[in-house]
Amino acid sequence: MSALVIFGLLLVLMLTGMPISISLGLTVLTFLFTMTNVPIESVALKLFTGIEKFEIMAIPFFILAGNFLTHGGVARRMIAFATAMVGHWHGGLGLAGVIACALFAAVSGSSPATVVAIGSVILPAMIKQGFPRSFGAGVITTSGALGILIPPSIVMVMYAVATNSSVGALFMAGVIPGLMLATLLGAVTWYRAWKNGYPRLPKASWGERLRTLKDASWGLSLIIIVIGGIYSGIFTPTEAAAMSAVYAFFVAVFIYKDMPLRGVPKILLSSASMSAMLLYIITNAVLFSFVLANENIPHHIADWIVGKELGIVAFLLVVNVLLLAAGNFMEPSSIVLIMAPILFPVAMKLGIDPIHFGILIVVNMEVGMCHPPVGLNLYVASGITKMGISELTVAVMPWLLAMLGFLLLVTYVPAVSIWLPKTLGMM
C-alpha cells in the first residue's frame, strides 16, 4: 500500500511537468507528514548526511573539467587528430566524429558536453563537405552518449553513491564496453557511408598525423592522468576529478590559450549552476531512498520478485524494459538515483555482480539519452543542427538499433564488464 501511494504520488507530480527533484522532495514530505510518525529532525539530518559522501565531490570537479575542455580548444584538436587518422576511409569525417567523441568522453564524463564540444565543430564541416545533415546528426547524437560509459563518468559516480559500490571498479569496468560500443558505432557509420557513397578526405601524411597528435597530446594526456592515476592507486576517483579540473584549466588557459582568464568566472558560474542542480536531485533522491528503506519497500519488492522465481535472465530483461521505459520521461541522473536503490537489492539476492549491474544501467541510460521525448542528447543535437526532434529521431535510428543490440550483449555476457576490473585486482 505504501509503495502504491509513494509511486502514485511521484508519477502524478511528474505528469504535471514539475522538475524531477521537486517531485521527489514533495512526494517524500507529503508521505512523511501524512502517513508516518518519522520526526522532522531525522528528515533534516538525512538531507545533510545524504550528500556528505566523498565520492559526490567528484561530480562538480568533472563538470568543471568538462566545461574547461569544451571551451578550451581541446575538442577541436582531438577532431583534427581523428580526421588525420581515418578521414580517408568511407564517411571519414563521420568516423572522425565517433573517435573524437570517444576521446572527449574519456576526459569529460558527460554526454551533453561531448555532443556540444564535438558536434559544434564537426557537424558544420560534414555539411560543408557534402554529408546529409541527418547522417551527421545521427553520428554525433549517438556517439556523444559514450560520455557516460567511457570513464570518467558522472552517472557511474551516482550509481556508486546510490549503491555503495566502488567508483574505481566501475570506471575500469566501463573501459572495454566503451571501446566496443565506439567500434560498433564506427562500423555503422562506415557501412552507411560506404553504402551511400558519402565523401572521403584525401589521405593525410604521417607528418600531418604526428603534428595533429602533438597538438592534441595535452588533452589526450588527461586520459592517462585520470585512468592511470586511479588504476595505480596514486589517487582516488574523487581526487582524479579534482586533478582533471586543475589540469583542464591549466591546458585551456596557459597551454592552448584558447580561453582568456576573463572567461574563467563564466565557466565557474555555469559549472556551479549545473553542479547545484545535480546535487539538489541527489539530495531529494537520498530522501526518497530513505522513505523507501523506512517502509522496507525495496526488500518487499526483492522478496516478491525472488518468490516469482523469475530467474536472472527474465529479471535482467525486466530491468532493461523498466529502465528504457523510464528513459522516456526522466533524465539519467534521476533514473539512477530512483531505480538503483529499488533494483539493487533484487540483483544482489539473485547473485548478479554489482559492477556488472552498474554497467548495464549505464548502457540503458545511454540509449535513453538518444530517444524521445526526454533524450538529452537529442535536444542538444537539435540546438546544434537546427533539426526537429522527430526528424532527429529518424536520423539516429540505425545507430540506436545497434546500441540496443549492444545492450543485450552487456546484459547477458557479464565478462564484457567485469573482466578488466577483476584482472586488475579491483574486485
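Quick caveat: nothing in here was measured; it's all calculated off a predicted structure.

Participant: So what exactly am I meant to see when it comes to helix H20 (residues 389–412) here?
Facilitator: Helix length check: H20 (24 residues) gives 32 Å between terminal C-alpha atoms against 34 Å at 1.5 Å per residue, within 8%. A bend of about 55° at methionine 397 is the largest found in H20, and the proline proline 398 appears one to four places after it. For H20, the full list of buried residues reads Leu392, Thr393, Ala395, Val396, Trp399, Leu400, Ala402, Met403, Phe406, Leu407, Val410 and Thr411. Packing partners of the buried residues in H20 comprise helix H8 (133–143), helix H11 (175–196), helix H16 (311–326), helix H18 (354–368), helix H19 (376–385) and helix H21 (415–423).

Participant: What should I look at first to understand the side chain of threonine 142 in this one?
Facilitator: By the element assignment, threonine 142 lies in helix H8. Judged by relative accessible area, which is 1%, threonine 142 ranks as buried. In this structure, threonine 142 is in contact with Leu185, Cys370, Val396, Trp399, Leu400 and Met403, ignoring residues within four places of it in sequence.

Participant: Before we go on, may I ask you to explain empty space enclosed by the protein in this structure?
Facilitator: Where empty space is left can be seen by rolling a probe of water-molecule size over the atoms. Tallied over the full model, the rule gives 1 cavity of 30 Å³ or more. Roughly 50 Å³ of internal volume is contained in the largest cavity. Lining the largest cavity are Gly327, Met330, Glu331, Pro332, Ile335, Asn364, Met365, Gly368, Met369, Val374, Gly375 and Leu376. Listing elements by their share of the lining of the largest cavity, those giving two or more residues are helix H17 (332–349) and H18. A total of 3 residues in the lining of the largest cavity trace back to one element, the largest contributor, which is H18.

Participant: Just checking my understanding: could you explain the layout of surface pockets for this structure?
Facilitator: By volume, the largest pocket is sized at about 680 Å³. What lines the largest pocket is a set of 35 residues, among which Ser110, Pro112, Ala113, Met274 and Met277 lie closest to the centre. Of all the secondary structure elements, the ones that give two or more residues to the lining of the largest pocket are helix H2 (20–35), helix H4 (58–71), helix H7 (111–129), helix H9 (154–163), helix H14 (264–294) and H17. Of the residues forming the lining of the largest pocket, the biggest block, 7 residues, is contributed by H14.

Participant: Any chance you could explain the pattern of salt bridges here in plain terms?
Facilitator: When charged atoms on two side chains of opposite charge get close, those side chains can pair. Under the defined criterion, the tally for this structure stands at 4 salt bridges. Across the pair aspartate 258 and arginine 76 runs a salt bridge whose closest N-O atoms are separated by 3.1 Å. Here aspartate 258, found in the loop between helix H13 (237–255) and H14, pairs with arginine 76, found in helix H5 (residues 74–86); they are 182 residues apart in sequence, far enough to count as distant. Owing to a relative accessible area of 30%, aspartate 258 belongs among the partly exposed residues under this scheme. When its relative accessible area of 42% is taken as the criterion, arginine 76 is described as partly exposed. A salt bridge links arginine 211 to glutamate 208, with the nearest nitrogen and oxygen atoms 2.9 Å apart.

Definitions and limits used
- Residues numbered from 1 in each chain as written.
- Predicted model: local features only at pLDDT ≥ 70, side-chain atom pairs only at ≥ 80, totals over all residues.
- Heavy atoms only, no water.
- Helix = DSSP H or I, 4+ residues; strand = E, 2+ residues; numbered from the N terminus.
- Expected span 1.5 Å × (residues − 1).
- Bend = angle between axes of the 7 residues up to and from the residue.
- Buried < 20%, exposed > 50% of the residue type's maximum accessible area, 1.4 Å probe, protein only.
- Contact = heavy atoms within 4.5 Å.
- 1 Å grid on protein atoms, 1.4 Å probe; cavity = no way out; pocket = protein on both sides within 12 Å on 5 of 7 lines; lining within 4 Å.
- Points joined across faces, edges and corners; volume = space filled by probe spheres on them.
- Salt bridge = Lys/Arg side-chain N within 4 Å of Asp/Glu carboxyl O.

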